[in-house]
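Structural overview for review
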Amino acid sequence: MRNTEFSNLVEEIQDEVIGWRRYLHEYPELSFQEDKTAQFIYETLQSFDNLEISRPTKTSVMARLIGSQPGKTLAIRADIDALPIQEENSLSFSSKNAGIMHACGHDGHTAILLGTAKILSSFQHRIKGEIRFLFQHAEELAPGGAQEMVREGVMNGVDMVIGAHLWSPIETGKFGVLSGPVMSSPDTFTITIIGLGGHAGLPHQTIDAIAIGAQVVSNLQHIVSRKVDPLDSVVLSVTKFAGGSALNIIPDSVELAGTVRLFSTEQRIIIHELMERIVKGITEAHGASYTFSYNNGPDPVINDEKTTYVIEETVRELWGDQALAQMKPNMGGEDFSAFLGKAPGTFFFTGSGNRDLGTDYPHHHPRFDIDESALKNGVNMFVHAAFKLLNH
Ligand code: NI
């Protein structure tokens, strides 16, 4: 049920939340360098009551709100970092830091979580259990800040965790909520094929790394088309093929690199092995050698059924069935999975696209922007969902 007391408070602080977002937008900072951002978050949280505030890492912030009655612990996470992009919007609060931009909406995530903390901290006397606000640095840069925060113990004693992403492909007022797989693991790989260089007119005296590399690329495509269940989603893309220097020289070696994206950690092991088998088999067949490295990205984001049901119910109760957008899992990555590795939870999407306002550019685009009326929707969701999850 919509709690009018909460919703009225959300309306009341709406302009303040927008102000925070605009300040953060104007002064974006890159991953692992969010010093002023973290300071701003820390000071803003200090102006609220009843919070225990700490700095788990150099540029992250955590606030604990311990309710007046015992109960479960819920963590709510926002990411706070910006991207190395030159902003092309002309807003009164466009980025003042050259070449750096909040082009993914993390300024909005931070403002939403600050607004949520402000409201919930004033209801300490009605909270059962604990709410932990996690302001996470470095979502955009592998290996990511989430695992660092987890290592520092921010998830100790946490029973469930939720987080959300403002999402320009979904129109403002709607939400994307999925149970099960939501975002993939963005793994990467590098392959070097080592042949024997020589004169282009005397190929029989060489081991042609380019010709062998081409076979490796085409055979890697067989993994997804022939070795993966067609009902599972996997991406294997070779995105770099580098080698050679002149038209009359067969080079010694070529370097291939790319990305693998999938939704299950078991499948990751299988695909890793299949890739190496192909690279080994093809290079050996041609008398070449190789190096192969496969680097796991963040684990896939897999939502828990029970918390996701509560999130979905919250959307329905606040805005009705029509507010649930049709949505599929996507092949992007998110290190929110590091928190999900410690407690079940849900990562959902808050619509911020509005064609009339020009806020439907894709994420990471130099003209990305958010419909600021999505911010109050985000706060409303977190405040209502927090009470629902802790009282369930
Ligand atoms: Ni993002």
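Notes on the structure follow.

Calculation rules
- Residues numbered from 1 in each chain as written.
- Predicted model: local features only at pLDDT ≥ 70, side-chain atom pairs only at ≥ 80, totals over all residues.
- Heavy atoms only, no water.
- Donors = N, O, S within 2.8 Å, 3.2 Å for Na, K, Ca; no water.
- Buried < 20%, exposed > 50% of the residue type's maximum accessible area, 1.4 Å probe, protein only.
- Axes fitted to C-alpha atoms, helices over the stretch in contact; angles between N-to-C directions.
- Helix = DSSP H or I, 4+ residues; strand = E, 2+ residues; numbered from the N terminus.
- Left-handed = near helix turned anticlockwise from the far one by under 90°.
- Contact = heavy atoms within 4.5 Å.
- Nonpolar A, V, L, I, M, F, W, Y, C, P; charged D, E, K, R; others polar.
- Expected span 1.5 Å × (residues − 1).
- Parallel < 35°, antiparallel > 145°, perpendicular 65-115°, else oblique.
- Phe/Tyr/Trp six-rings, centres within 6.5 Å; stacked < 30°, edge-to-face > 60°.
- Pairing = 2+ DSSP bridges.
- Right-handed = clockwise from strand over helix to strand, strands pointing away.
- Core = buried A, V, L, I, M, F, W, Y, C linked by side-chain atoms within 4.5 Å.
- Salt bridge = Lys/Arg side-chain N within 4 Å of Asp/Glu carboxyl O.

Section: the coordination of the nickel ion
With distances of 2.2 to 2.3 Å, the protein atoms coordinating the nickel ion are Cys-104 (SG), His-106 (NE2) and His-165 (NE2). Spacing between the donor residues of the nickel ion along their common chain follows C-x1-H-x58-H. Side by side, Cys-104 and His-106 carry an identical accessibility label, which is buried.

Details of the packing of helix H2 (residues 14-26) against helix H4 (residues 106-121)
When two helices pack together, their arrangement is given by the angle between their axes and by how far apart the axes lie. At a minimum axis distance of 8 Å, the contact between H2 and H4 shows a crossing angle of 145 degrees. Both H2 and H4 take part in a crossing whose hand is right-handed. Across the interface between the two elements, Glu-16, Val-17, Trp-20, Arg-21, Leu-24 and His-25 of H2 pack against Asp-107, Gly-108, Thr-110, Ala-111, Ile-112, Leu-114, Gly-115 and Lys-118 of H4. Tallied by class, the residues present in the contact of H2 with H4 amount to six nonpolar, four polar and four charged.

A short note on helix H10 (residues 373-391)
Under the 1.5 Å per step criterion, the end-to-end length of H10 is 28 Å for 19 residues, consistent within 8% with the ideal 27 Å. Counted residue by residue, H10 has 16 buried out of 19 residues, so it is predominantly covered.

Thoughts on the packing of H2 against helix H3 (residues 35-46)
Packing of H2 against H3 brings their axes to within 11 Å, and their N-to-C directions diverge by 160 degrees. Taken together, the axis directions place H2 and H3 in an arrangement best described as roughly antiparallel. The chirality of how H2 crosses H3 is right-handed. Along the contact surface, H2 presents Trp-20, Tyr-23 and Leu-24, while H3 presents Thr-37, Phe-40 and Thr-44. For the contact of H2 with H3, the class distribution of residues is four nonpolar, two polar and no charged.

Comments concerning the packing of aromatic side chains
For the coordinates displayed, the defined rule picks out 13 aromatic pairs. Taken together, the aromatic side chains of Trp-167, Phe-336, Phe-339, Phe-347 and Phe-349 make up a single cluster linked through ring pairs.

Some points on unusual backbone geometry
Here the bond from Ala-142 into Pro-143 is cis, since omega is 5 degrees, no more than 30 degrees from zero. In this fold, Pro-143 is placed in the loop between strand S4 (128-136) and helix H5 (146-151). Even without being a glycine, His-364 presents a positive backbone phi close to 75 degrees. Secondary-structure assignment places His-364 in the loop between strand S15 (345-353) and H10.

Looking at the pairing of strand S3 (residues 69-79)
Bridge count for S3 against S4 is eight bridges, and the pairing is parallel. Pairing of Arg-77 across the sheet is with Leu-134, part of S4. After leaving S3, the chain enters H4 and then returns to the sheet as S4, a path that is right-handed. Bridge analysis of S3 against strand S5 (residues 160-171) gives four bridges, and the strand direction is parallel. Its bridge partner being in S5, Leu-74 is matched across the sheet by Met-160.

Topic: the sheet that holds strand S10 (residues 235-242)
The sheet built from four strands is open, its strands ordered S10-S12-S8-S13 with antiparallel pairing. Both outer strands of the open sheet, S10 and strand S13 (289-295), are each paired with one neighbouring strand and no more. Going across the sheet, the axis of each strand differs from the next one's by a mean of 15 degrees, ignoring polarity. Where strand S8 (residues 185-194) meets strand S12 (residues 253-262), ten bridges bridge the pair, whose relative direction is antiparallel.

Regarding the nonpolar core
Note that soluble globular proteins tend to have their nonpolar side chains buried in a common cluster. In terms of nonpolar packing, the biggest core is built from 63 residues, with Leu-45, Ile-76, Ile-131, Phe-133 and Phe-135 touching the most fellow members. Looking at which element gives the most residues to this core, the answer is H10, with eleven residues.

Comments concerning the pattern of salt bridges
By the definition in use, this model includes 23 salt bridges. Residues Arg-21 and Glu-372 are paired through a salt bridge, measuring 3.0 Å at the closest nitrogen-oxygen approach. In this pair, Arg-21 is assigned in helix H2 and Glu-372 in the loop between S15 and H10, connecting sequence segments 351 residues apart. With respect to class, Arg-21 is no different from Glu-372; both count as buried. Residue Arg-316 pairs with Glu-312 through a salt bridge whose shortest N-O separation is 2.8 Å. Residue Arg-316 and its partner Glu-312 are located together in helix H8 (residues 305-319), separated by four residues, close to a single helical turn. Judged by relative accessible area, which is 35%, Arg-316 ranks as partly exposed. Residue Glu-312 is classed as partly exposed on the basis of its relative accessible area of 23%. Where salt bridges share partners, they join Arg-21, Arg-22, Asp-107, Asp-369 and Glu-372 into one cluster.

A word on the sheet that holds S3
Sheet strands associate in pairs through backbone hydrogen bonding, adopting either a parallel or an antiparallel arrangement. One open sheet holds the seven strands; their spatial order is S1-S2-S4-S3-S5-S15-S6, and the pairing between them is mixed. Edge positions in the sheet fall to strand S1 (51-54) and strand S6 (175-176), since each of these pairs with one other strand and no more. Summarising the sheet, S6 and S15 pair through two bridges and their orientation is antiparallel. Residue Phe-175 lies in a different strand from S15, and its bridge partner there is Thr-350.

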